[in-house]
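# Structure assessment
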Number of protein chains: 2
Amino acid sequence: MFAVTVLGNNSALPMHDRHPTAQVLTYKEQLFLIDCGEGTQMQMNAFKIRRSRIGHIFISHLHGDHYFGLFGLLNSYGLNGRRDPLHIHAPAALEPLLKLSFDVADVNLPYALHFHAIRQGSVLLDDENLMVTAFPVTHRIECWGFLFREKPRPRKVIPEKAREAGIPQAFYPQLKAGSDYRHKEGHITLNEEVTEPGPAARSYAYCADTLYEPQKIGEVVKNCSMIYHEATYLEDQQEKAAARYHSTAAQAARIAADAGVNKLLIGHFSSRYTDLQPFLEESRSIFSATDLAIEGTTYLVGK
Amino acid sequence: MFAVTVLGNNSALPMHDRHPTAQVLTYKEQLFLIDCGEGTQMQMNAFKIRRSRIGHIFISHLHGDHYFGLFGLLNSYGLNGRRDPLHIHAPAALEPLLKLSFDVADVNLPYALHFHAIRQGSVLLDDENLMVTAFPVTHRIECWGFLFREKPRPRKVIPEKAREAGIPQAFYPQLKAGSDYRHKEGHITLNEEVTEPGPAARSYAYCADTLYEPQKIGEVVKNCSMIYHEATYLEDQQEKAAARYHSTAAQAARIAADAGVNKLLIGHFSSRYTDLQPFLEESRSIFSATDLAIEGTTYLVGK
């Protein structure tokens, strides 16, 4: 399972029962939290997120609607007796702010909190399945997008061909990993004779809050399985969007179309809009595989 | 109208669709916010609180469940273009934390934010109708209760007696304020001959998070129209309550009974309790005029 669950889809001013930004990314057994607006822990309760499985939290920037829920979440983990370490990846300036909030309350967390300041080119996570990197986007203050890229998935053994070639089953894991098989007699069966490519590696890019930057962002998200791009306004508010370092639904769609991604998720809707349907229509008229980020809904990343 | 509306009635860990502490006190046209747990601004939306009328915010202590919603509220005021000054009364350590949160986001609020550090004996507000003072309670960190005491209300003129005494109507405002009337001929009508006492002055005490301190708190809240006292636990968890500097429903009730208050509101319920009915029963068995603090409900202070 590789999927993203939306906890908050609104821009800074919570309204229309929409909440500030937060998303949970599920990759197999791991959960990742991307941004953490006020009320995120309540949204986790409402949508039954297994929050103890979150090991890494990624904060794009320090506008309050992207991190004011972090204080409460970290404290609640403490009250719940969490023991597993927790990693926070965020702009450097967040660290003293968190520290101060613990100091004034005389809080000692029962778990290890590891703070990682994001820097240009940072690899935030690199395990056997997944690599997470940060990429800079253009906003009023330092702001980062996040790219979650799955490692190449194992090749598939074609059992009848492997049997025919006389390869023992014990060697199949190595076949999946791409090895050739050397027979006792000395000759070699090439890997591609008895395997086929595994499913394509999947990727999710979270483009945070950003000015419309088709080249810069397009390059990063090229061919992604799914991207989330903010769409604070509709296209008729293009100037306001630019003045506030935000984007429109049409702009998000153009980026998705040009970068050849499979799916686009749009969110961070301005409070001025009660009805979100026009966002969907505007984006789909340019890029049909668009979904609105709806709170409590889970979207599959790739196949 | 003198009334308190509960926005959050739970202790630190939000659960059972209950929220961390916040209350709005309405006095005539003014609104006051007492504590501001995470999600307070969303609760204000849900319960249609006229938040622009809030001129003073009182924060009892710096455990997160009493102030983590403040960051978001202050920012939202800014986004909404608030111009009226806003006063925050809180432990001194909150000021640098707020400042840092504005700095990292490069926020310039469009309204004046006045921070007042609470000190022993502080008079927080003193206008023609109301005096607000802080009183220390005993918690794990510096913690303050708040006493809202109405000024003596004007006396009532008894029109037939005033007419009979030959006092012109133009003098009635002075009669209400307590003056005697000196007739042209030199003799005097004493105020109490033509007026009766106005309605009793009302008072509300918010006792914050506190250890059971019957003497210390009892003295402050003596004869109040209404007090809010925390009741984090039921009496069978008395030891746990004391260890954590909290109180039980029975303890809150004893304080109310001994201090001769008219009404008791209990809240700050631990997340371990799904059902609140036992709190009401425990408290009412000692002090019958108890109400549970229920989110979205407004309780009248006095008559």
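Here, every reference points to the structure presented above.
For clarity, every value in this text was computed on a predicted model and none was experimentally measured.

### Observations regarding unusual backbone geometry
Located in the positive-phi region is Lys48 of chain A, a residue other than glycine, with phi close to 50 degrees. Along the polypeptide, Lys48 of chain A turns up in the loop between helix H1 (40–46) and strand E4 (54–58).

### Some points on the pattern of salt bridges
Residue and element names in this part refer to chain A. Enumeration over the complete set of coordinates arrives at 16 salt bridges over all chains. A salt bridge links Glu213 to Lys216; the nearest nitrogen and oxygen atoms lie 3.5 Å apart. On the basis of relative accessible area, Lys216 is assigned to the partly exposed category, the value being 36%. Across the pair Asp291 and Arg284 runs a salt bridge, and its minimum N-O distance is 3.6 Å. Exposure remark for Asp291: the relative accessible area of 25% places this residue in the partly exposed category. Connected through shared salt-bridge partners, Glu150, Arg153 and Arg202 make up one network.

### Here we look at the pairing of strand E9 (residues 144–150) of chain A
All names here are of chain A. Across the 7 residues that make up E9, a large majority, 6, are buried. In the sheet, strand E8 (residues 130–136) pairs with E9 via 7 bridges, with the strands oriented antiparallel. Paired with Leu130 across the strands is Glu150, a residue of E9.

### A few points about the interface of chain B and chain A
Where interface size is given, it is often the accessible area lost as the parts come together that is meant. Taken together, the contact pairs 34 residues of chain B with 34 residues of chain A. For the pairing of chain B and chain A, the buried interface totals around 2600 Å² over both sides, and the portion due to carbon and sulfur atoms is 67%. A per-residue breakdown of the area chain B buries against chain A is headed by Glu38, Phe68 and Val104 of chain B, which together make up 23% of the total. Our enumeration of links across chain B and chain A arrives at 0 salt bridges. Put simply, the parts of the chain that give the side of chain B that touches chain A at least two residues each are helix H1 (40–46), helix H2 (70–79) and helix H3 (94–105) of chain B. The element contributing the most residues to the side of chain B that touches chain A is H3 of chain B, with 6 residues. Looking at side-chain class alone, the side of chain B that touches chain A contains 18 nonpolar, 13 polar and 3 charged residues.

### Focus on the side chain of Ser203 of chain B
Residues and elements named next belong to chain B. One can find Ser203 in strand E14 (residues 203–206). What makes Ser203 buried here is its relative accessible area of 2%. Among all residues touching Ser203, those that are not within four sequence positions of it are Phe2, Phe148, Arg149, Asn223, Cys224, Ser225, Met226 and Val301.

### Focus: the sheet that holds E9 of chain A
Residues and elements named next belong to chain A. Pairing is mixed in the open sheet, where 7 strands are placed in the order E7-E8-E9-E14-E15-E16-E17. Two strands close off the open sheet at either side, each with one partner strand: strand E7 (123–126) and strand E17 (290–292). Neighbour-to-neighbour, the strand axes of this sheet turn through a mean angle of 15 degrees, independent of strand direction. Strands strand E16 (263–267) and E17 of the sheet are contacted by helix H10 (residues 277–284), whose axis makes an angle of about 170 degrees with E17.

### Regarding the relation of the copies chain B and chain A
For the pair chain B and chain A, the relating rotation is 180 degrees, the translation along its axis is 0.0 Å, and the fit reaches an RMSD of 0.1 Å. Taken together, the rotation and translation describe the operation of a two-fold axis. It is Gly39 of chain B whose C-alpha, among those of chain B, lies nearest the rotation axis, at 2.7 Å. A symmetric contact is evident, with 100% of the interface residues of chain B recurring at the interface of chain A.

### Considerations on helix H10 (residues 277–284) of chain B
Residue and element names in this part refer to chain B. When we look at burial in H10, the residues that qualify are Phe279, Leu280, Glu282 and Ser283. Viewed along the axis of H10, the buried residues span an arc of 165 degrees, placing them on a single side of the element. Check the buried side of H10 and you find it contacts helix H9 (249–259), strand E16 (263–267) and strand E17 (290–292).

### Some words on the pairing of E16 of chain B
Residues and elements named next belong to chain B. When you tally the buried positions in E16, you get 4 out of 5 residues, the bulk of the element. Bridge count between strand E15 (residues 226–230) and E16: 5 bridges; the pairing is parallel. Bridging from a neighbouring strand, Met226 pairs with Lys263 of E16. In this fold, E16 hands off to H10, which returns the chain to E17; that crossover is right-handed.

### Considering the environment of Phe2 of chain A
Tracing the sequence through the fold places Phe2 of chain A in strand E1 (residues 2–8). In contact with Phe2 of chain A, other than residues within four places in its own chain, are Leu25, Thr26, Tyr27, Leu130, Phe148, Arg202, Ser203, Tyr204, Tyr299, Leu300 and Val301 of chain A.

### Here we look at the packing of aromatic side chains
Here a ring pair, both rings aromatic, is described through the centre-centre distance and the interplanar angle of the planes. Taken as a whole and judged by the stated rule, the model has 31 aromatic pairs over all chains. Aromatic pair Phe2 of chain A and Tyr27 of chain A: ring centres 5.0 Å apart, planes at 85 degrees, arrangement edge-to-face. Separated by 25 residues along the polypeptide, Phe2 of chain A in strand E1 and Tyr27 of chain A in strand E2 (residues 22–27) bring together distant segments of the chain. When sorted by exposure, Phe2 of chain A lands in the same class as Tyr27 of chain A, which is buried. Taking the centre distance of 5.9 Å and the plane angle of 45 degrees together, the rings of Phe32 of chain A and Phe148 of chain A count as tilted. Placement of Phe32 of chain A in strand E3 (residues 30–36) and of Phe148 of chain A in strand E9 is noted, with a sequence separation of 116 residues between them. With respect to burial, Phe32 of chain A and Phe148 of chain A carry one shared label: buried. These aromatic residues form a ring-pair network of at least three members: Phe32, Phe58, Phe146, Phe148, Tyr204, Tyr206 and Tyr228 of chain A. Over the ring of Tyr273 of chain A we find Arg272 of chain A; its NZ or CZ atom is 6.0 Å from the centre of that ring. Against the face of Tyr111 of chain B rests Arg82 of chain B, its NZ or CZ located 5.6 Å from the ring centre.

About the cut-offs
Chains are numbered independently. Their residues run from 1 in the order of the written sequence. Whichever chain is written first becomes A and whichever ligand is written first becomes 1, with later ones labelled in order. For a predicted model such as this one, the threshold for reporting local features is a pLDDT of at least 70, and the threshold for listing and counting side-chain atom pairs is 80 or more; totals across whole chains, interfaces and linings nevertheless cover every residue. Calculation of side-chain values draws on the structure's entire complement of heavy atoms; hydrogens and water are dropped beforehand. Runs of E in the DSSP output that reach at least two residues are strands. Runs of H or I that reach at least four are helices, and both are numbered from the N terminus. Any carboxyl oxygen of Asp or Glu that lies within 4 Å of a side-chain nitrogen of Lys or Arg is treated as forming a salt bridge with it. Burial classification: accessible surface area is computed with a 1.4 Å probe over protein chains only, and a residue below 20% of its type maximum counts as buried, one above 50% as exposed, and the rest as partly exposed. Strand pairing is assigned whenever DSSP identifies at least 2 bridges connecting the two strands. What makes two residues a contact is simply this: any of their non-hydrogen atoms within 4.5 Å. Two parts placed together each lose some accessible area under a 1.4 Å probe, and the buried area is that loss summed for both. Residues are grouped as follows: nonpolar covers Ala, Val, Leu, Ile, Met, Phe, Trp, Tyr, Cys and Pro; charged covers Asp, Glu, Lys and Arg; every other residue, Gly included, is treated as polar. Helix axes use the C-alpha atoms of the stretch in contact, all axes being lines fitted to C-alpha atoms, and the angles between their N-to-C directions lie in the range 0 to 180 degrees. Only residues with pLDDT of at least 70 in both copies count here: their C-alpha atoms drive the least-squares fit that superposes the copies. In this description, one arc is meant: the one made by directions from the helix axis to the C-beta atoms. Looking down the strands as they point away from the viewer, one classifies a crossover as right-handed if the path from the first strand across the helix to the second runs clockwise. For this analysis, a ring pair means two rings from Phe, Tyr or Trp (six-membered ring only for Trp) whose centres lie within 6.5 Å, classed as stacked if their planes differ by under 30 degrees, edge-to-face if by over 60, and tilted for the remaining angles. Placement of a charge over a ring requires the Lys NZ or Arg CZ to be within 6 Å of the ring centre, with the centre-to-atom vector within 35 degrees of the ring normal.

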